[in-house]
Amino acid sequence: MGLKEMFGASGPRREPGVPESGHAADTSSRDVRVPEKVTEHVLVDSTKGVVYVDRNHSHDPEIRTWIHRRTRESDLVIEEVDATEMAVLKAKARTESSSAVLDDEENRFKSRVKDMLYRAARNGASDVHIQVRQNDTVVHFVVDGESRLAESLTQHEGSRALKTIYQGIAPTSDSSYLPRENQNAQIPGDVFPAESGLTSIRVVKGPCYPQEQNGEFMTLRMQYSGGSRRHGENEKLPYPPKPEGEYRLPSMGFDAKQIEALDELMAVPEGLILFVGPTGSGKTTSIYEFLSEMTRRKPYKRVITVEDPVEIPIPTAVQMSVTNAQDKESTARAYQGAVRTMLRMAPKVILIGELRDEDVAALAMEAAVTGHTVVTTLHVDEAFQWVDRLETMGTGKLKRQAFCDPKRVRGVITQRILSHVCQHCAKKLSELPEVPRSHRLAVEALTTWGDISNVRLRGDGCESCHKSGVAGRYAIAEVIKTDRDLMSDFVEHGTVIARQNYQARPDSERPMIERAIAMVLNGRVDPVTVEDNIDVIPKREKTNRKPHLVAGIDAEQPDDRLAAGILGVGA
Ligand SMILES: [Zn+2]
């Protein structure tokens, strides 16, 4: 039996307050909610196959609906009794062992869930992912390394399935199923038919976004005898749905060459991609755009994230958040624990919100060479400082000789958000009686870079810019793909030389400050905005750059490409 028959086609949708399942003898546990009236006036004795109902209430619609569903799905016989008899039966039920009066529906649900796992085995799945979301539950089978959508369930069915697997099927687990905790369990293979080839299933479960709406995940790692999987069934299962929306990075300020570099980073099968920049640099927005686009291109790659907290929901990803920890140390422990849990879930693509300490960084570096695409952030201001930062974290156990490997760290992206001046009210520098004091040093430096006749300062605001003087906020970025030369410079000669040699290459990514200077010379950005967000504008001779660099600036980043997107600013 497939899941569709098991879950999907089981009759009319549940009415509010009338759960599909439950037994009247025990309503203490959360997942077997039964309407109060049913609890009071109905008793199921599954050993005898009888549903007792208080005849004074047997015409109550709520009770009728419930009984109708129960008897339609099984061979239970209805027997009307009076209130006194009911009281006697209930007292008896309480004293007998709970299994004697255990609702057979529990067992039926359990065998449905087991059937689902058996079906996964017949399809040769390496993993089963169950994600309980706000409004539904999705079940993925990972077959030949690709996530496939096996079934969609209601949220309630999903929560119930998780609980059933954890404490109904896995005998090694303790009975304290805690939906809000990360927990592990093991299911022995002999629970399943021998033809399944299963020797055991390792279970990892825990809460995930949206936790307030009872979001939960479970990963089941299927272990087969001889390590081989049976391919008896080979159902044609679809890929999970792609994220909605369009790829916005091209309209957010990333230029064509940078988009190409990001495309290449998106394509690598494993390795770490590092987004750096201060708070407010917009890197969070960029990461979510990057991950969403990656999922659009490769919907079969499961994305799992650990964040503190979840900043932007990705419906197609399992997002674990680390919050509510009392102090810094317990937050750090919780974070490390979440990353370890995530790695046990056999993800393909992972987002680690931040390399916040060396243990997390070490886990990320390890994941990057064991088949994962790792997207993460580090709190440094520019694209070459990450090596020093990682090495000086904590006790210094991360060594650049080990992590400065272009197969391990694939790319480093840094960015800022710059407000562009409103062209309707901007003040042309050349038309001002004198350079404002606030701009003098910057303008002096600018004259060393090129013609300043187009430079515009932010105006006082007009109708067109809602009195802000600003016509949109855009990213300005550096996207650096690592390679052997860069990495060996880091190891052999240190950060200063590595940066210098990289920037001296004719085809290298231009430093962010020079991109910004180009925008100032084009009259799109006020020079003070550059000072505020990137750095003081240097005199050209103070950089170690070759003089060819400013040429061609005017042709870059046509405004119409930028016009589409105005950035929301994340951390
Ligand atoms: Zn304006």
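Residues numbered from 1 in each chain as written. Predicted model: local features only at pLDDT ≥ 70, side-chain atom pairs only at ≥ 80, totals over all residues.

Caption draft 1: Layout of the overall build of the chain. On a plain count of helices and strands, the chain comes out with 20 helices and 18 strands. Within the chain, buried positions represent 43% of all 571 residues. Contacts in the chain between residues at least 24 apart in sequence constitute 68% of all its contacts with a sequence separation of at least 6. (Helix = DSSP H or I, 4+ residues; strand = E, 2+ residues; numbered from the N terminus. Buried ≥ 20, exposed ≤ 12 C-beta atoms within 10 Å, placed from the backbone. Contact = placed C-beta atoms within 7 Å.)

Caption draft 2: How the structure looks around helix α17 (residues 495–503). What α17 keeps buried is the set Ala498, Arg499 and Tyr502. With its buried residues spanning 95° around the axis, α17 presents them on a single face. Seen from the open side of α17, the exposed residues pointing more than 90 degrees away from its buried face are Val496 and Ile497. Buried positions along α17 lie against α16 (484–493). (Arc of directions from axis to C-beta.)

Caption draft 3: The arrangement of the sheet that holds strand β14 (residues 373–378) in detail. If you walk across this open sheet you meet the seven strands as β12-β11-β13-β14-β10-β15-β18, and the pairing is mixed. Bordering the open sheet on either side are β12 (318–321) and β18 (470–481), each of which pairs with just one other strand. Sheet twist, expressed as the mean angle between neighbouring strand axes with direction ignored, is 20°. By the bridge criterion, four bridges tie strand β13 (residues 349–352) to β14 in an arrangement that is parallel. Across the sheet, residue Ile352 finds its bridge partner in β14, namely Thr376. (Pairing = 2+ DSSP bridges. Axes fitted to C-alpha atoms, helices over the stretch in contact; angles between N-to-C directions.)

Caption draft 4: Local environment of unusual backbone geometry. Of the consecutive residues Tyr209 and Pro210, the connecting peptide bond is found in the cis state with omega at -5°. Inspection of the secondary structure puts Pro210 in the loop between β8 (198–207) and β9 (216–224). The omega angle of the peptide bond from Asp308 to Pro309 is -10°, so this bond is cis rather than trans. Secondary-structure assignment places Pro309 in the loop between β11 (303–307) and β12. A positive phi angle, close to 50°, is found at Ala346, a residue other than glycine. Topologically, Ala346 is positioned in the loop between α11 (328–344) and β13. One non-glycine residue, Lys467, lies in positive phi territory at about 65°. Relative to the elements of secondary structure, Lys467 occurs in the loop between β17 (456–457) and β18.

Caption draft 5: Molecular detail of the sheet that holds strand β3 (residues 77–81). Here we have three strands laid out as an open sheet, ordered β1-β2-β3, and mixed in their pairing. At either end of the open sheet lies a strand with only one pairing partner, and these are β1 (42–45) and β3. Ignoring which end each strand starts from, the neighbouring axes of this sheet average 20° apart. Bridge analysis of β1 against strand β2 (residues 50–54) gives four bridges, and the strand direction is antiparallel. Counterpart to Leu43 in the pairing with β2 is Tyr52.

Caption draft 6: Region of interest: helix α6 (residues 104–122). Between the first and last C-alpha of α6 there are 26 Å, a value that for 19 residues agrees with the 27 Å anticipated at 1.5 Å per step. Here α6 has its buried residues at Glu105, Phe109, Val113, Met116, Leu117, Arg119, Ala120 and Ala121. Downstream of α6 by a residue or two, Gly124 has a phi angle that is positive, lying close to 70°. (Expected span 1.5 Å × (residues − 1).)

Caption draft 7: View of the nonpolar core. Ranked by internal contacts, the top residues of the largest apolar core, which has 129 residues, are Val203, Ala364 and Ala516. Residue-level mapping places this core at the junction of two domains, with at least three residues from each of domain 2 (106–227) and domain 3 (249–562). With residues near it in sequence (within four places) discarded, Val203 still touches Ile165, Tyr166, Ala170, Asn184, Ala185, Gln186, Ile187, Met218 and Leu220. Formed by 11 residues, the second largest nonpolar core is a distinct cluster that contains Val44, Val51, Val53 and Trp66. (Core = buried A, V, L, I, M, F, W, Y, C linked by C-beta atoms within 7 Å. Domains from an automatic or database assignment.)

Caption draft 8: Focus on the environment of Arg122. Relative to the elements of secondary structure, Arg122 occurs in helix α6. The sequence separation of Arg122 and Gly197 amounts to 75 residues, and the corresponding C-alpha distance is 8.7 Å.

Caption draft 9: Geometry of the packing of α11 against helix α12 (residues 358–368). Running from N to C, α11 and α12 point in directions that differ by 15°, and their axes come no closer than 9 Å. As judged from the angle between their axes, α11 and α12 are roughly parallel. Here α11 and α12 pass one another in a crossing that is left-handed. Note on element contacts: α12 touches α11 through Asp359, Val360, Leu363 and Ala367, opposite Tyr335, Gln336, Val339, Arg340 and Leu343. Looking at the contact of α11 with α12 residue by residue, the class counts come to six nonpolar, one polar and two charged. (Parallel < 35°, antiparallel > 145°, perpendicular 65-115°, else oblique. Left-handed = near helix turned anticlockwise from the far one by under 90°. Nonpolar A, V, L, I, M, F, W, Y, C, P; charged D, E, K, R; others polar.)

Caption draft 10: Examining the confidence of the model for the chain more closely. Counting all residues, the mean pLDDT for the chain is 84, and 85% of those residues have values of 70 or more. Confidence over residues 97–101 falls short of pLDDT 50; this stretch has seven contacts with residues more than four positions distant or in other chains. Across residues 551–571, confidence stays below pLDDT 50; counting only partners more than four residues off in sequence or on other chains, it has 39 contacts. (pLDDT = per-residue confidence, 0-100.)

Caption draft 11: Inspection of the pairing of strand β15 (residues 409–421) at higher detail. Most of β15 is tucked away, with 13 of its 13 residues classed as buried. Relative to β15, strand β10 (residues 271–276) runs parallel, the two sharing five bridges. Bridge pairing links Leu272 to Val409 in β15. Where β15 lies against β18, 10 bridges are found, and the strand directions are antiparallel. Paired with Gln415 across the strands is Ala477, a residue of β18.

Caption draft 12: Spatial organisation of the packing of α6 against helix α7 (residues 155–169). Between α6 and α7, the least distance of the axes is 10 Å, while the angle of their chain directions is 95°. As the angle between them shows, α6 and α7 are arranged roughly perpendicular. Within the contact between the two elements, α6 uses Phe109, Lys110, Val113 and Lys114 and α7 uses Arg160, Ala161, Thr164, Ile165, Gly168 and Ile169. Residue classes in the contact of α6 with α7 are distributed as five nonpolar, two polar and three charged.

Caption draft 13: Molecular detail of the environment of Ser321. Mapped onto the fold, Ser321 is located in strand β12. Residue Ser321 is classed as buried on the basis of its 21 C-beta neighbours within 10 Å. Residues Ser321 and Pro309, 12 residues apart in the sequence, show an inter-C-alpha distance of 5.1 Å. If near-sequence neighbours (up to four positions away) are discounted, Ser321 is found in contact with Tyr209, Gln211, Glu307, Asp308, Pro309 and Val310.

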